[in-house]
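The residues making up each chain are set out below.
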Amino acid sequence: MEDTLTITDNRTGKTYDIPIMYGTYKKYGAAIRATDLRQIKFDNEDFGMLSYDPGFGNTASCKSAVTFIDGERGILHYRGYQIDELARKSNFMEVAYLTLHGELPTKAQMEEWTHNITHHTMVHEHMKKFMDGFHHDAHPMGILVSTVAALSTFYPDAKNVRDPETRKQEIYRLVAKMPTISAYAYRHSMGLPYVHPDNELSYAGNFLNMLFKMAEPRYEPNEILEHALDVLFILHVDHEQNCSANTMRSVGSSLPDPYVAVASAAAALYGPLHGGANERVLRMLREIGSIEKVPDYVKRAKAGEFRLMGFGHRVYKNYDPRARILREMAPKVFEVTGKNPLLDIAIELERIALEDDYFVERKLYPNVDFYSGIIYQAMGFPVDMFPVLFAIPRTVGWLAQWQEMLDDSDQRIARPRQVFNGYDIRDYIPVAKR
Ligand code: CMC
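If you're wondering where the values come from, they're calculated on a predicted model, not measured in any experiment. (Residues numbered from 1 in each chain as written. Predicted model: local features only at pLDDT ≥ 70, side-chain atom pairs only at ≥ 80, totals over all residues. Heavy atoms only, no water.)

## Examining the sheet that holds strand β5 (residues 67-70)
Pairing between the strands of a sheet comes from backbone hydrogen bonds, and it takes one of two forms, parallel or antiparallel. Pairing within the open sheet is antiparallel, and its three strands lie in the order β5-β6-β7. Looking along the sheet, the strands with just one partner apiece sit at the ends: β5 and β7 (81-82). The sheet contact formed by β5 and strand β6 (residues 75-78) spans four bridges and is antiparallel. By the bridge assignment, Ile69 is partnered in β6 with Leu76. (Pairing = 2+ DSSP bridges. Helix = DSSP H or I, 4+ residues; strand = E, 2+ residues; numbered from the N terminus.)

This is the structure in structure tokens:
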């Protein structure tokens, strides 16, 4: 058996043998190089065959060892470790190290990593002035995107992206400063003074401190909520070649500094079809308002009036494993916060949708955003902050994808082709004659 694909061009009768490539195992799928199709020509004038794939439905844009998803079976691994095991046994800082370095850290590596992250949490005082310029009701995601981009002007050396030491430094800074900027965006919108990072607290604990500390001398995060946030962060670290990771790689491929690349990835995340969906789920559940109104709402979604937010996924054609973890975690959070009344509406919506032919046939299951918003809201986060809460841990994934892209000799500047369907040459007509 040969690892090639034989293609016959029925226009010319010619056949072509195209090599097949694999990832680590054959079971993870095979691919052909799209450029191998270019030799298929109708005649010498022909440009050559392209593959047409809007939205990258079946195109591997890279080789990657970071995250593995089996969407049919609802499986998600980071660097070979199962997501539910990481959520149960690990913590965000360790998972962040794993994602960026490929291996779990030793005790010494973990201490060094934690030290480096906690010592880069402060932002320059001028950055605060920059943030002060935003309107009081500015969406925190807009503030986050612009402020992260603005960091580029504070660290001019960051553009040396080929230098591993510089890269390491910028990764520390970005992972460390994302919660600080996010918390300041929140405090700004609330008209509250900024709270400095407390480096004695965990990553999630310090974030809660910067958000919610009031007049108390020292903020003590509630352990259950701190743990829940840590798990939420783990679940959002990476998700292979999603819209924002693809943006990070695409923008990063022209070799700008990582601040503007992360800002662009965060902008991609902001949209309602990606990380903005958690915010929309909450608004949808509020709009439904009561369990009795769920059937009618589902009917309207089926009629194409709108989509059920938090349902469906390009890759998962089964229950999103992250949504399952969150569904199980929600009651523990509610023991502290009191139950979010929207949970009952969400559970009923899930029940009705999962029994309905429309959703069954299309394999539309709840995704991570379906339950995350209900938990965030119970924890006291305003709805506007939900995509920001997604962006903080996802920064780790973006940076892992970015590093992998820079170290991959196959990668060049991202530059897709098109199938041109416009006019051929036309004669210019002066305006008086049009
Ligand atoms: N509600 C109702 N119908 C849906 C939904 C939904 N949420 N999602 C997909 N469909 C239907 C869609 O109308 C289409 O039906 P038909 O074949 O009759 O035209 C079919 O299912 C396939 O949909 P698609 O748009 O081709 O699927 P896609 O892979 O391009 O889109 C998606 C994936 C996530 C954008 C989409 O499912 C969606 O819009 N979901 C709601 C938004 C959401 O929850 N996004 C969060 C995604 S998970 C976290 C993240 O990645 O950020």
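## A look at the packing of helix α2 (residues 92-101) against helix α3 (residues 107-118)
When two helices pack together, their arrangement is given by the angle between the helix axes and by the axis-to-axis distance. Between α2 and α3, the shortest axis-to-axis distance is 10 Å and the interhelical angle comes to 100°. On the basis of the axis angle, α2 is roughly perpendicular to α3. Here α2 contributes Met93, Glu94, Ala96, Tyr97, Leu100 and His101 to the contact with α3, which in turn contributes Gln109, Met110, Trp113, Thr114 and Ile117. In terms of residue class, the contact of α2 with α3 is built from seven nonpolar, three polar and one charged. (Axes fitted to C-alpha atoms, helices over the stretch in contact; angles between N-to-C directions. Parallel < 35°, antiparallel > 145°, perpendicular 65-115°, else oblique. Contact = heavy atoms within 4.5 Å. Nonpolar A, V, L, I, M, F, W, Y, C, P; charged D, E, K, R; others polar.)

## Topic: the site of the ligand
Taken together, 18 residues surround the ligand, and among them His274, Arg307, Leu308, Gly310 and Arg314 come closest. In the environment of the ligand, an oxygen atom lies 2.6 Å from a nitrogen or oxygen atom belonging to the side chain of His274. A distance of 3.0 Å separates an oxygen atom of the ligand from a polar atom in the side chain of Asn367. For the ligand, the accessible surface in isolation is 940 Å², of which the surrounding protein chains cover 73%. A class-by-class count of the residues in the shell around the ligand yields eight nonpolar, six polar and four charged. (Near = heavy atom within 4 Å. Polar contact = N/O pair within 3.5 Å; in protein donor to acceptor, adjacent residues only side chain to side chain. Areas by Shrake-Rupley, 256 points an atom, 1.4 Å probe, with all protein chains shown as cover.)

## A short note on the nonpolar core
Side chains of a nonpolar character, in soluble globular proteins, are inclined to be buried together. Counting residues in hydrophobic clusters, the biggest one holds 121 residues, and the most contacted among them are Trp113, Phe207, Met284 and Phe381. No other element matches the 13 residues that helix α17 (residues 386-406) contributes to this core. (Core = buried A, V, L, I, M, F, W, Y, C linked by side-chain atoms within 4.5 Å. Buried < 20%, exposed > 50% of the residue type's maximum accessible area, 1.4 Å probe, protein only.)

## Quick notes on the pattern of salt bridges
All told, the structure shown has 23 salt bridges when counted by the stated rule. Close ionic contact of Asp9 with Arg11 constitutes a salt bridge, the shortest N to O distance being 2.9 Å. For Asp9, a relative accessible area of 6% puts it in the buried group. Linked by salt bridges that have partners in common, Arg33, Lys63 and Asp410 make up one network. (Salt bridge = Lys/Arg side-chain N within 4 Å of Asp/Glu carboxyl O.)

## A look at the packing of helix α11 (residues 277-288) against helix α14 (residues 342-355)
As a packed pair, α11 and α14 sit with axes 10 Å apart at the nearest point and diverge in direction by 95°. In terms of orientation, α11 and α14 fall into the roughly perpendicular class. Contact residues: α11 offers Leu282, Met284, Leu285, Arg286 and Ile288, while α14 offers Leu342, Ile345, Ala346 and Leu349. When the residues that make up the contact of α11 with α14 are grouped by side-chain class, the tally is eight nonpolar, no polar and one charged.

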